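The residues making up each chain are set out below.
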Amino acid sequence: MAALIPPRPDQGLGAGYHSPQVDVAVRLNTNESPYPPPQAWVDELAAAVTAIAFNRYPDRSATALRAGLAELHGVRPEQVFAANGSNEVLQVLLLTYGGPGRSVAVFEPTYALHSHIARLTGTAVATGDRAPDFTLDPGEVKRVLADADPAVTFLCSPNNPTGRADPRAVVTDVVDLAPGLVVVDEAYGQFAPWSAVELVDDDAGLAVVRTYSKTWSMAAARLGYVIGPASLVAEMEARALPYHLDAVKQAAGLLALRYRAEMDARVRAVAAERDRLFAALADLDLETWPSDANFILFRPRSRPSAEVWQGLLDRSVLVRNCNSWPGLDGCLRVTVGTPAEDDTFLAAVTEVL
Ligand SMILES: *Cc1c(COP(=O)(O)O)cnc(C)c1O
């Protein structure tokens, strides 16, 4: 008789990654843009959707979207692979280059999905520690790469949840040193002073992952992509599910590229607001770390993070409690919101502390 058997044992998944989705007035827990996309984009998308032949499968190669993204980044369309959020991009990357007998290297604290998706795909995880200020420590990077010989080395720049972007020289050093692929997750790349996309080359083991979820104000669309060597893209395409990228999403992503100026303006507004928030937090009884992204990591000096998190929630403000993340005891992360949302957060956190 059919039996509800245990799941495969090799994945070793810990507690779930998911941030609670609670109904609150001020949602500052998942690093989305606080601003909606331009109304003109919504209208254009609505018109484009009416023109879709819904009885037919979508363009399997997402030809137009990839051409648009290639133009945006100054690369060739064969160097672009898109999927349902950059998380799915990472999953296809690890289906392609990870797996049993292989490992990835991550430097904690960093984005939890890198090690989570590695485990899901049966890939071992080798962990290095960041320096006390959360920058990459060259000696530690060298040690981990030599010990683990990882198939994939993950960087995250700017790093979620600590906030800093890696300087160009640090990334090029890791690329020189790594025995396998280097994957740079640039989910917040538009806030950073430079992009590793400029280092992508058909002959280099470097891939850069980007997403529409943050700066493009399109988290609901679930669209991300990787820029990398054409051969890597071809291998990933061979492993993705057929027609994985639906027609609505392809249209949404392509149309968004017409609104780059509006996106850049939103990035500038959020960065200015981040700096205001950072300055205001300096007056409170907490430690903060500088950020090149749209969020700020902070540690209350005299209150446990769970109490602060709950105190904020009681005031209808939701932030991320990072206490259980490696190396982040007592830390919380707040996403930059609108000026009004940030004022509500500042008033609430002042009261709670
Ligand atoms: C938010 C985030 C992503 C986004 O994932 P999507 O699946 O594209 O929404 C990827 N990487 C990092 C580091 C992030 O913080």
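Residues numbered from 1 in each chain as written. Predicted model: local features only at pLDDT ≥ 70, side-chain atom pairs only at ≥ 80, totals over all residues. Heavy atoms only, no water.

A. Layout of the site of the ligand. Within the structure, the ligand sits among 13 residues, and Ser86, Tyr188, Thr211, Ser213 and Lys214 are positioned closest to it. Contact distances for the ligand include 2.6 Å between an oxygen atom and a side-chain N or O atom of Ser213. Take Lys214: an N or O atom from its side chain is 3.3 Å from an oxygen atom of the ligand. It is helix H3 (residues 85-97) that provides the largest number of residues to the shell around the ligand, a total of three residues. (Near = heavy atom within 4 Å. Polar contact = N/O pair within 3.5 Å; in protein donor to acceptor, adjacent residues only side chain to side chain. Helix = DSSP H or I, 4+ residues; strand = E, 2+ residues; numbered from the N terminus.)

B. View of the pairing of strand E10 (residues 295-300). In terms of burial, E10 is a largely internal element, five of the six residues being buried. Summarising the sheet, strand E9 (residues 286-288) and E10 pair through three bridges and their orientation is antiparallel. Paired with Leu286 across the strands is Pro300, a residue of E10. The hairpin turn running from E9 into E10, its antiparallel successor, is six residues long. Examined bridge by bridge, E10 and strand E13 (residues 332-335) share four bridges and lie antiparallel to one another. Note that in E13 the partner of Phe295 across the bridge is Thr335. (Buried < 20%, exposed > 50% of the residue type's maximum accessible area, 1.4 Å probe, protein only. Pairing = 2+ DSSP bridges.)

C. Highlighting the environment of Trp194. Structurally, the position occupied by Trp194 is in the loop between strand E6 (181-185) and strand E7 (206-211). Along the backbone, Trp194 and Gly98 are 96 residues apart, and their C-alpha atoms lie at a distance of 28 Å. Setting aside residues up to four positions removed in sequence, Trp194 forms contacts with Asp166, Pro167, Arg168, Val171 and Leu199. From its side chain, Trp194 meets the backbone oxygen of Asp166 in a polar contact 2.8 Å long. (Contact = heavy atoms within 4.5 Å.)

D. How the structure looks around the domain arrangement of the protein chain. Segmenting the protein chain into domains produces domain 1 (26-37 + 261-352) and domain 2 (50-258). Taking the mean C-alpha position of each, domain 1 and domain 2 sit 25 Å from one another. With 28 residues of domain 1 at the contact, the number on the domain 2 side is 25 residues. Counting the surface lost from both domain 1 and domain 2, the interface buries some 2,000 Å², and carbon and sulfur atoms represent 65% of this. Linking domain 1 with domain 2 are one salt bridge. Close ionic contact of Arg164 with Asp292 constitutes a salt bridge, the shortest N to O distance being 3.3 Å. Where domain 1 touches domain 2, the interface holds eight residue pairs in polar contact (both at pLDDT 80 or more). Secondary structure elements with two or more residues in the side of domain 1 that touches domain 2: helix H9 (260-281) and E10. (Domains from an automatic or database assignment. Buried area = accessible area lost by both parts, 1.4 Å probe. Salt bridge = Lys/Arg side-chain N within 4 Å of Asp/Glu carboxyl O.)

E. Expanded view of the sheet that holds strand E2 (residues 80-83). Taken together, the seven strands give an open sheet; going across it, the order is E2-E8-E7-E6-E5-E3-E4, and neighbouring strands pair in mixed fashion. For this open sheet the edge positions go to E2 and strand E4 (124-129), each flanked by a neighbour on one side alone. Taken pair by pair, the neighbouring strands of this sheet meet at an average axis angle of 25°, ignoring direction. Pairing of strand E3 (residues 103-108) with strand E5 (residues 152-156), which is carried by two bridges, proceeds in the parallel orientation. By the bridge assignment, Ala105 is partnered in E5 with Thr153. Packed onto the sheet, H3 meets E2, E3, E5, E6, E7 and strand E8 (224-227) and runs at close to 155° relative to E7. (Axes fitted to C-alpha atoms, helices over the stretch in contact; angles between N-to-C directions.)

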